[in-house]
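Close look at the chain arrangement
Here is how the chains run, residue by residue.
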Amino acid sequence: MQTFLDGRVTLYRGDCLEVLAALPENSVDSAVLDPPYHLTSIVERFGGEGAAELKSGRTGAYKRAAAGFMGKAWDGGDIAFRVATWKAVLRVLKPGAYILAFASTRGFGRMSVAIEDAGFITLPMIAWVFGAGMPKATRLNSCSLHGPFAGIDVNGWRYGGQALKPAIEPIYMGQKPFSEKTGTANVLLHGTGALNIDGCRVGDEERSVQIRDIKRMHGGGYANQDKRGGGVVGEKVETGRWPANLIHDGSDEVLEAFPDSPGQKAPSLVDGSEHGNSVYGSMRHTGPQHLPRDDTGSAARFFYSAKADADDRIGSKHPTVKPVDLMRYLCRLVTPPGGTVLDPFAGTGTTGEAAWREGFSSILIEREAEYQADITERMRLCLAGPGERSREISRRKAAGQPQDLGPLFNGAPK
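Note that the coordinates shown come from a computational prediction; the quantities given were computed from them, not determined experimentally.

Rules used throughout
- Residues numbered from 1 in each chain as written.
- Predicted model: local features only at pLDDT ≥ 70, side-chain atom pairs only at ≥ 80, totals over all residues.
- Heavy atoms only, no water.
- Salt bridge = Lys/Arg side-chain N within 4 Å of Asp/Glu carboxyl O.
- Buried < 20%, exposed > 50% of the residue type's maximum accessible area, 1.4 Å probe, protein only.
- Helix = DSSP H or I, 4+ residues; strand = E, 2+ residues; numbered from the N terminus.
- Arc of directions from axis to C-beta.
- Contact = heavy atoms within 4.5 Å.
- Pairing = 2+ DSSP bridges.
- Axes fitted to C-alpha atoms, helices over the stretch in contact; angles between N-to-C directions.
- Parallel < 35°, antiparallel > 145°, perpendicular 65-115°, else oblique.
- Left-handed = near helix turned anticlockwise from the far one by under 90°.
- Nonpolar A, V, L, I, M, F, W, Y, C, P; charged D, E, K, R; others polar.

Regarding the pattern of salt bridges
For the coordinates displayed, the defined rule picks out 12 salt bridges. Between R201 and D198 there is a salt bridge, with its nearest N and O atoms 2.7 Å apart. Exposure remark for R201: the relative accessible area of 13% places this residue in the buried category. For D198, a relative accessible area of 49% corresponds to the partly exposed category. Between R328 and E358 there is a salt bridge whose closest N-O contact spans 2.8 Å. Of the two residues, R328 is situated in helix α9 (residues 324-334) and E358 in the loop between α10 (350-357) and β16 (361-366); the sequence distance between them amounts to 30 residues.

Description of helix α5 (residues 108-117)
Listed in full, the buried residues belonging to α5 are F108, M111, S112, A114 and I115. Viewed along the axis of α5, the buried residues span an arc of 160°, placing them on a single side of the element. Where α5 is buried, its residues touch α4 (83-92), β4 (93-102), β5 (121-129) and β8 (168-175). Following α5 by one or two positions, G119 has its phi on the positive side, about 125°.

Let's talk about the sheet that holds β5
Backbone-to-backbone hydrogen bonds join strands into a sheet, with any given pair of strands oriented parallel or antiparallel. Overall, mixed pairing links the 10 strands, which are arranged β1-β2-β16-β15-β3-β4-β8-β5-β11-β14 in an open sheet. The open sheet has two edge strands with one neighbour each: β1 (2-4) and β14 (304-305). Bridge count for β5 against strand β11 (residues 246-248) is 3 bridges, and the pairing is parallel. Across the sheet, the residue bridging to A127 is L246, located in β11. Lying on the sheet, α5 is in contact with β4, β5 and β8; it crosses β8 at an angle near 5°.

Thoughts on the packing of α4 against α5
Put simply, α4 and α5 touch, their axes get as near as 8 Å, and they point 50° apart. The orientation of α4 relative to α5 falls into the category oblique. When the axes of α4 and α5 are compared, the crossing they make is right-handed. In this structure, α4 uses V83, W86 and K87 to contact α5, whose residues at the interface are M111, A114, I115 and D117. Here the contact of α4 with α5 is built from residues that sort into 5 nonpolar, no polar and 2 charged.

Below is the structure:
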């Protein structure tokens, strides 16, 4: 175990299941993590107990696939698809704590089912949309084709698991069940169970909001405001829009996919009890309201934009480094003030840096020695000035390490 940044970041070097088993139960406030994607592993399908050793074959594809994504051994296997993995995470989280876990679009289904089977409540996923992904597809060999493709131009046809340009990464969002009867009671006891909506609002537009008195009725339920007899008790200025479950990278390619759209033209109800309102444009209202924004521009402004920085990678060879700004936003969304964020697949330590910059503590677990060294370097650079940080990252890149060619996927079409 090693600590950094005045004890705010703790790194455990070893297998995540062994480390998690030694951590106290109900002790961590949130989990923000990027587990292995198992994109190309065939170990479970073809490498069962007693199976013959994998052969390279004519192209070497089978042996490469068994090694995992981009030849990384840690991406082989199925740890992100095991229920036991997520039960270990569930045990150390406090009741009501949230979990955010990145996945590939191919492995998201298996991973999300495993997390839910471990006991988490599955919430709507968050989509991270980006423009820098590259397809890796294989051309058809026209010399050996017959049947419907015989004699036609097949130049525009491709095959492969990444034949389409990757442009989205799903983020699983879940929550450990409350220990108390209500969310308010759970938050009062454990500090966990609520999202930081105002801290994650999108944009800097300001509007006035009427604050109403909400009264509880018998039986613990709430009635419609108009029948309840509550009244306006004040007004506040609200900055930014309500956060959505879509995040984009702000790239020109992604921005062009959004249409121009006017902002909210008419007032809308404070408590959301008016149903059937449109996502964009005018909104109906029949009572006390948010005042309209009445702005114009690309609909991309309705969603948080996490732009990748050239220094996010810190010169590491890790293939799936995430933008620090993105990780800061996610940590801020699900972690209570002064809380501790868990990342059992720490990689280069972006979650640790993000949590520290947001005022949180973090527990990082990393098995691979190469990435343990990256975490140590990242923590050192957190306290370095921009000049020193830039010079050191340039030095690491010049030492034969590849430049970042985009989030998650690298390469070009064949």
